[in-house]
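Geometric and topological summary
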Amino acid sequence: MALTAGIVGLPNVGKSTLFNAITKSQVEAANYPFATIQPNVGVVEVPDARVDRLVEIFHPKKTIYTTFEFTDIAGLVRGASKGEGLGNQFLSNIRLTDAICHVVRCFDNPDITHVEESIDPIRDIEIINLELVMADLQTVENRISKVERKAKSAKDKEAQAEMALLTRLKPFLEEGKPARALEMDEDEKVILKGYNLLTNKPVIYVCNLDEEGVMDPEANDYYQRVAKFAAEENSGIVSLCAKMEEELSGLDKEERDEFLAELGVSCSGLDILIQKAYAVLDLCTFLTAGEDECRAWTFKKGMKAPDCAGVIHTDFKRGFIRAEVYRFEDMDELESEQAIKEAGKLRLEGKEYVAQDGDVMHFRFNV
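Okay, so let's go over this structure. Model, not experiment: these values are computed from the prediction. (Residues numbered from 1 in each chain as written. Predicted model: local features only at pLDDT ≥ 70, side-chain atom pairs only at ≥ 80, totals over all residues. Heavy atoms only, no water.)

1. Looking at the overall build of the chain
Our working rule: Runs of H or I in DSSP of at least four residues are treated as helices and runs of E of at least two as strands, each being numbered from the N terminus. A radius of gyration in this sense is built from C-alpha atoms; the matching globule rule multiplies 2.2 Å by the number of residues raised to 0.38. Each residue gets one of three labels from its accessible area relative to the maximum for its type: buried under 20%, exposed over 50%, partly exposed in between, using a 1.4 Å probe on protein chains only. Only heavy atoms enter the contact rule, under which two residues are in contact if any of them lie within 4.5 Å.
Secondary structure summary: the chain contains 14 helices and twelve strands in total. Here the C-alpha atoms of the chain give a radius of gyration of 23 Å, agreeing with the 21 Å that 2.2 N^0.38 yields for 367 residues. In terms of overall dimensions, the chain has a C-alpha envelope of 65 × 65 × 35 Å along the principal axes. Taken across its 367 residues, the chain has 47% of its residues classed as buried. In the chain, the share of contacts with a sequence separation of at least 24, taken over all contacts with a separation of at least 6, comes to 68%.

Here it is, written out as structure tokens:
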């Protein structure tokens, strides 16, 4: 399940510095099957202490973490929706992502110029959000021109339902509001998903602070303002220092852990960003474990066992018989599959079982 977030932001807010940290941290291509990593794409491992613990227990030949892909979106300036700068390229790139990481500058430094000549994170956010809204409005207007005639037919119920949604959505966007904020039923959400609108994607605001500010974000007025803005639109927020993340990415694991320990934190801002991206996309992790391989797999919250089997291989889903399941916490405590069986913690689950984050699963199938 390939997942990607687009990193956006105005010039000189720290976007490129953050992406440099990501590309230095990215997994080797050999650990990312069937993918060619482009210069503007960074593929990073999703940190998971559960995988580390399973490795301690099983001593596998191979360890594979799940991955997340970040795309550096270049060329956004005021007027991007009208093609200013590299606007059209920017907009087409971001449509291909699952979520948006919106980098916002939250520090003062007279040596680093700002395209708007002052530091105002809310203004910066609104500049980009307006460009996304205007691009979506154009998409909706184009769609209306195609659907309007079909919707007038009494027989075309699908076109009528689509037109009803578009009629509500257009004035909503004209007010500068993102599509994701529109109240919709499940059928309308399915229709909307087909448009691939920019403002329908979940957003994480990445507050880029300086090295002093990142130690206590709550004391930073810029951060406080972004946090309030994010809460009002129910978006995610992460604070980090892009410069520090870039420095961290150049260290080996032992040096990195020592540096983080000195700061009094257990994980980096980049790790927190990855975890936050998982949360806003309703993603979970199931695990497979054995002497050959310990591995983490990404699935969407609410998926059933056969669909999770299909994440590994389509044949697993097609020929699904059952899943042997236990909780990671039980393995953490009991330390062997035999002990888990003796304790009655191993379950046999069928096609209707809804997978849970942290399930360790073994699939039985017949093709």
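Read on for the rest.
2. Focus on the sheet that holds strand S7 (residues 236-240)
In a beta sheet, neighbouring strands pair by backbone hydrogen bonds and run either parallel or antiparallel. Worth spelling out the cut-off: Strand pairing is assigned whenever DSSP detects at least two bridges linking the two strands. Working convention: axes come from line fits to C-alpha atoms, limited for helices to the stretch in contact. Angles between N-to-C directions cover 0 to 180 degrees.
If you walk across this open sheet you meet the six strands as S2-S4-S1-S5-S6-S7, and the pairing is mixed. Two strands close off the open sheet at either side, each with one partner strand: strand S2 (41-45) and S7. Neighbour to neighbour, the strand axes of the sheet diverge by 25° on average, direction disregarded. Sheet analysis places strand S1 (residues 4-8) next to strand S5 (residues 99-105), joined by four bridges and oriented parallel. The residue bridging isoleucine 7 from the neighbouring strand is cysteine 101, located in S5. Each of S1, S5 and strand S6 (203-208) is contacted by helix H4 (residues 121-151), which is oriented at about 145° to S5, the strand it contacts most.

3. Let's talk about the side chain of arginine 123
Note the threshold: Think of a polar contact as two N or O atoms within 3.5 Å of one another; within protein, one of them needs to be a possible hydrogen donor and the other a possible acceptor, and neighboring residues in sequence only count if both atoms come from side chains.
In this fold, arginine 123 is placed in helix H4. A distance of 2.6 Å separates the side chain of arginine 123 from the side chain of serine 118, its partner in a polar contact.

4. Notes on the pattern of salt bridges
Let me state the cut-off plainly: Criterion for a salt bridge: a side-chain nitrogen of Lys or Arg within 4 Å of a carboxyl oxygen of Asp or Glu.
One pass over the full model with this rule turns up 26 salt bridges. Here lysine 61 ties to aspartate 292 by a salt bridge, and the two come within 3.5 Å at their closest N and O atoms. Linking lysine 61 in the loop between helix H2 (49-58) and strand S3 (62-64) with aspartate 292 in the loop between strand S8 (283-288) and strand S9 (293-300), this pair joins segments that are 231 residues apart in sequence. Each member of the pair lysine 61 and aspartate 292 is classed as exposed. Taking the shortest distance from any N to any O, the salt bridge between lysine 189 and glutamate 186 comes out at 3.5 Å. Remark: glutamate 186 and lysine 189 occur in helix H6 (residues 186-193); sequence separation between them is three residues, near one turn of the helix. Residues joined by salt bridges that share partners form a network here, namely Arg53, Glu56, Asp332 and Glu335.

5. Concerning helix H10 (residues 269-280)
One turn of the α-helix equals 3.6 residues, which is why residues spaced by three or four share an orientation. Which entries qualify depends on this criterion: Given the number of residues in a helix, its expected span is that number minus one, multiplied by 1.5 Å.
With twelve residues, H10 extends 16 Å between its outermost C-alpha atoms, agreeing within 8% with the 16 Å of an ideal straight helix rising 1.5 Å per residue. Taken together, the buried positions of H10 are occupied by Gly269, Leu270, Asp271, Leu273, Ile274, Ala277 and Tyr278. Phi turns positive, to about 55°, at aspartate 282, one or two residues after H10.

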